[in-house]
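Structural overview
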Amino acid sequence: MSRHPNDFYHYMVRWSFFVIGLIILALGISLTIQAKVLGIGPWDVFHYGLFVQLGLTIGTWAIIAGLVIVAVTSIVKKQWPQIGTVLNMVLIGVFIDFFNWVLPEPEQLWVAIVVFVVGTLVMAYGIGIYVAPGMGAGPRDSLMLVLTETTGWKVSTVRNWNEIIIALLGWMLGGPVGVGTVIIALFLGTMVGFSL
């Protein structure tokens, strides 16, 4: 039985939104990394810390961390990850490295503040755009949902503890923690709510 052309069109539109959202999200992450004097998002602190200690690139560590999380959550849930989750894991890392390579680092504090604010807003909209088509949650979101199911805690509680622990680990590895880290941890979720 052949698919209706409208079904194919609808499917392609959903995938386009998913990929465009990931590119926008990676751009936002890279903007905050360029303004790292203010601190960066908790998971990015962790990836940056691994980059400082062990080399490779920030994007590569985002992929490796995502791969570990996807493997663990797949084992716990006893099911294969969605293709969107795997694509999220790989594409985010690739695009972060691309934008980190292209974007200059701001030299003045006021420019860093502007870049950070823009980066955070861009991240929020990127997440909203890639989540809206429902093609698969990112590895870190999948982990949060598994921990919520396992512990019975509220999603917000699990998310907050995840972010605190990961930011601390990243900081111990030499990642840049600052007021920006707190802002992203506390307010990004609210911004995503608007972007959705």
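As a reminder, the structure under discussion sits directly above these lines.
Position numbers for residues start from 1 in each chain and track the written sequence from start to end. Note on the predicted model: pLDDT of at least 70 is required for a residue's local features to be given, and 80 or more for side-chain atom pairs to be given and counted; whole-chain, interface and lining totals, by contrast, use all residues. In computing side-chain values, all of the structure's heavy atoms are included and hydrogens and water are not.

Things to note about the overall build of the chain
Note on conventions: DSSP H or I runs of at least 4 residues are helices, E runs of at least 2 residues are strands, and numbering of each starts at the N terminus. What the chain contains, in helices and strands, is eight helices and zero strands. Listed by position from the N terminus, the elements making up the chain come as α-α-α-α-α-α-α-α. As defined in this context, the radius of gyration uses C-alpha atoms, and a globule is described by 2.2 Å times the residue total to the power 0.38. Expected size for 196 residues packed as a compact globule is a radius of gyration near 16 Å; at 17 Å, the chain falls within 12% of this value. Separation between the mean location of the 8 positive side-chain charges and that of the 8 negative ones in the chain comes to 11 Å. Neither His nor the chain termini are counted; the positive set is Lys and Arg, and the negative set is Asp and Glu. We put the charge of a Lys on NZ, of an Arg on CZ, of an Asp on CG and of a Glu on CD.

Remarks on helix α7 (residues 155-172)
Taking 1.5 Å of rise per residue, 18 residues should cover 26 Å, and α7 covers 26 Å from first to last C-alpha, within 8% of that figure. For each residue, the accessible area found with a 1.4 Å probe, counting protein chains only, is set against the maximum for its type, and the residue is called buried under 20%, exposed over 50%, and partly exposed in between. Those residues of α7 not exposed but buried are Val 158, Asn 162, Glu 163, Ile 166, Ala 167 and Gly 170. For α7, the arc enclosing every buried residue in end-on projection is 155°, short of the 170-degree limit, so these residues lie on one face. Opposite its buried face, α7 presents the exposed residues Trp 171 and Met 172, each directed more than 90 degrees away. Under the convention used throughout, the expected extent of a helix is 1.5 Å for every residue step, that is, one less than its residue count. When we speak of the arc, we mean the arc of directions from the helix axis to the C-beta atoms.

A short note on the packing of helix α2 (residues 42-54) against helix α3 (residues 58-77)
A fitted line through C-alpha atoms serves as each axis, taken over the contacting stretch for helices, and the angle formed by two N-to-C directions is quoted from 0 to 180°. Across the interface, α2 lies against α3 with an axial gap of 8 Å and an inter-helix angle of 115°. Overall, the two elements α2 and α3 adopt an arrangement that is roughly perpendicular. Judged by the sense of rotation from one axis to the other, the crossing of α2 with α3 is right-handed. On α3, the residues touching Trp 43, His 47, Tyr 48, Leu 50, Phe 51 and Leu 54 of α2 are Ile 58, Trp 61, Ala 62, Ala 65 and Ile 69. Of the residues assigned to the contact of α2 with α3, the class counts are ten nonpolar, one polar and no charged. For this classification, under 35 degrees means roughly parallel, over 145 means roughly antiparallel, 65 to 115 means roughly perpendicular, and everything else is oblique. Crossing handedness: left-handed means the near helix sits turned counterclockwise from the far one by under a right angle, and right-handed means the same turn made clockwise. Any two residues having at least one pair of non-hydrogen atoms within 4.5 Å are treated as being in contact. In this classification, the charged set is Asp, Glu, Lys and Arg, the nonpolar set is Ala, Val, Leu, Ile, Met, Phe, Trp, Tyr, Cys and Pro, and all remaining amino acids, among them Gly, are polar.

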